[in-house]
Amino acid sequence: MKYRTIGTDPTTRREVSVLALGAMLFGSVTDEATSFAVLDRYVEAGGNFIDTSDNYAFWTDGGQGGQSEELLGRWRRSRGIGDEIVIATKLGARPLVPGASYIDNPEGLSAKVVRESAERSRERLGLEKLDLLYAHIEDHTVPLQETVEAFAALVAEGTAGLLGVSNHAVWRVERARALAAAAGLPGYEVLQYAHTHLRPRADVPDALFPDGSLGHAGPDLLGYLRAEPGLALVAYSPLLKGAYARPERLSADFDHPGTPARLEALREVARETGASVNQVVLAWQIGGELPVLPLAGVSSVAQLEENLAAVDLELTPEQRARLDAAH
């Protein structure tokens, strides 16, 4: 395994494995025995960076989520896991009532919610301190200042460590970080967005993003990372839910003329290296110029083994140039 430091403050920064494990469906779609087997193998391989959220996976049973955090808590207790494993969780997108969603009735990012949701996550996970806590989605009903101060209060109390943000417009991320800096408070240092080798259309609206997706790491976010080397990008859905192996699964976001060329570049490099396309995508992210940590969920130990092998896949500068230039 390889590792990278996230965060800049010596009191909260952590050394994490370059391949993060997504636990979104653990305890719901993925049963407990399989989830435990995946988690055990991941840790055995040197992995120490696990991602979840307080709302995972509410859509599987019409509830409010919490199954993933609860399973991770059971796994931690049964294995005697301590703070050597970094567990990241998120708040803000939990449905307030069963049967609702993060679109029509999310918990939001008020000071009250931040405190209460973080406390519930700590209880489910069995943690005194949340190593990395994200603001999951935007909340336009609450002033940014209130959210910034609420997250900082958890850090001051020692119940949260690093702070992160996901699925926010870059200008709101920068504004929140500026508010924190002006007040001498800790701000967001880890950014979690969808990012993969294929380039999605950013103009496709949906219920959460009526002007086009803010959830993908587009050129504005990548440029922001280049200008702010203290930030790290955690890339969710790097393997597009299996669509690299089965391109017919690609969403409409990738229905544009640039997709075939980038797919062909991936296939060429996969043939040259003897690796799978999935492994090439992960290796491209792990060894790239920007500090990207792919976050991949799996439903079997076999899928995890494929991903783990990507950590040691070294792409040549020429292969990287070809992958980057394809369009």
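As a reminder, the structure under discussion sits directly above these lines.
If you're wondering where the values come from, they're calculated on a predicted model, not measured in any experiment. Along each chain, residues carry numbers from 1 onward, in the same order as the chain's sequence is written. In keeping with the model being predicted, local features are shown solely for residues with a pLDDT of at least 70 and side-chain atom pairs are shown and tallied solely at 80 or more, while totals for entire chains, interfaces and linings include all residues. In computing side-chain values, all of the structure's heavy atoms are included and hydrogens and water are not.

**Notes on the packing of helix H1 (residues 32-44) against helix H2 (residues 67-79)**
Part 1 of the argument: As a packed pair, H1 and H2 sit with axes 11 Å apart at the nearest point and diverge in direction by 60°. Overall, the two elements H1 and H2 adopt an arrangement that is oblique. The chirality of how H1 crosses H2 is right-handed. Taking contact as the criterion, the partners of Glu 32, Ser 35, Phe 36, Leu 39, Asp 40 and Val 43 in H1 are, on H2, Leu 71, Leu 72, Arg 74, Trp 75, Ser 78 and Arg 79. Between the N-to-C directions of two axes lies an angle of 0 to 180 degrees, each axis being a line fitted to C-alpha atoms and, for a helix, fitted only over the stretch in contact. Here a strand is any run of E in DSSP of at least two residues, a helix any run of H or I of at least four, and the numbering for each starts at the N terminus. The cut-offs work like this: below 35 degrees is roughly parallel, past 145 is roughly antiparallel, 65 to 115 is roughly perpendicular, and the gaps in between are oblique. In a left-handed crossing the near helix is turned counterclockwise from the far helix by less than a right angle, and in a right-handed crossing that turn is clockwise. Contacts are residue-level and defined by heavy atoms, with any inter-residue pair within 4.5 Å sufficient.

**Things to note about unusual backbone geometry**
Part 1 of the argument: With omega at -5°, the peptide bond leading from Tyr 56 into Ala 57 counts as cis.
Part 2 of the argument: In this structure, Ser 237 is a non-glycine residue whose phi angle is positive, near 55°.
Part 3 of the argument: If you check the backbone angles, Lys 241 has positive phi at about 55° while not being a glycine.
Part 4 of the argument: Tracing the backbone through its elements, the reader meets Lys 241 in the loop between strand E9 (232-236) and helix H7 (258-273).

**Side note on the packing of aromatic side chains**
Part 1 of the argument: The aromatic pairing rule takes the rings of Phe, Tyr and Trp, using the six-membered ring of Trp, and pairs them if the centres are within 6.5 Å, calling planes under 30 degrees apart stacked, those over 60 edge-to-face and the rest tilted. The full count for this structure, using the stated rule, is four aromatic pairs.
Part 2 of the argument: Ring geometry for Tyr 56 and Trp 59: centres 6.0 Å apart, planes at 75°, overall edge-to-face.
Part 3 of the argument: Think of it in three bands: with a 1.4 Å probe and only protein chains considered, a residue is buried below 20% of the maximum accessible area for its type, exposed above 50%, and partly exposed in between. Judged by relative accessible area, which is 9%, Tyr 56 ranks as buried.
Part 4 of the argument: Look at Phe 151 and Tyr 188: their rings are 6.1 Å apart centre to centre, the planes differ by 80°, and that puts the pair in the edge-to-face class. Pair noted here: Phe 151 is in helix H4 (residues 144-157) and Tyr 188 is in the loop between helix H5 (170-182) and strand E8 (190-194), with a separation of 37 residues, a long-range link.

**Remarks on the nonpolar core**
Part 1 of the argument: Counting 93 residues, the largest nonpolar core has Ile 6, Phe 49, Ile 50 and Phe 151 as the members making the most contacts within it.
Part 2 of the argument: Top contributing element to this core by residue count: helix H8 (residues 277-286), with seven residues. Buried Ala, Val, Leu, Ile, Met, Phe, Trp, Tyr and Cys residues form a nonpolar core when they are joined through side-chain atoms within 4.5 Å.

**Side note on H5**
Within an α-helix, residues lying three or four positions from one another point in the same direction, as the helix has 3.6 residues per turn.
Part 1 of the argument: Under the 1.5 Å per step criterion, the end-to-end length of H5 is 18 Å for 13 residues, consistent within 8% with the ideal 18 Å.
Part 2 of the argument: Along H5, the residues that are buried comprise Val 170, Arg 172, Val 173, Ala 176 and Ala 180. The buried residues of H5 all sit within an arc of 165° when viewed along its axis, so they share a single face. Relative to its buried face, H5 has exposed residues pointing more than 90 degrees away, namely Ala 181 and Ala 182.
Part 3 of the argument: Contacts from the buried residues of H5 go to H4, strand E7 (160-166), E8 and helix H6 (219-227).
Part 4 of the argument: A positive phi of about 70° marks Gly 184, the residue just after H5. Helix span, as expected, comes to 1.5 Å for every residue beyond the first. What the arc describes is the spread of directions from the helix axis to the C-beta atoms.

**Let's talk about the packing of H5 against H6**
Part 1 of the argument: For the pair H5 and H6, the least separation of the axes is 10 Å and the interaxial angle reads 35°. On H6, the residues touching Val 170, Val 173, Glu 174 and Arg 177 of H5 are Asp 220, Leu 221 and Tyr 224.
Part 2 of the argument: Three classes are used: nonpolar for Ala, Val, Leu, Ile, Met, Phe, Trp, Tyr, Cys and Pro, charged for Asp, Glu, Lys and Arg, and polar for all others, with Gly counted as polar. When grouped by side-chain class, the residues that make up the contact of H5 with H6 number four nonpolar, no polar and three charged.

**Regarding the sheet that holds strand E6 (residues 130-135)**
Part 1 of the argument: Think of it this way: DSSP has to see at least two bridges between two strands before they count as a pair. Taken in spatial order, the eight strands of this closed barrel run E3-E4-E5-E6-E7-E8-E9-E10, and their pairing is parallel. Between one strand and the next, the sheet's axes are offset by a mean angle of 30°, whatever the strand orientation.
Part 2 of the argument: Looking at chain direction, E6 and E7 are connected through five bridges and run parallel. Bridge pairing in E7 places Leu 133 opposite Leu 163.

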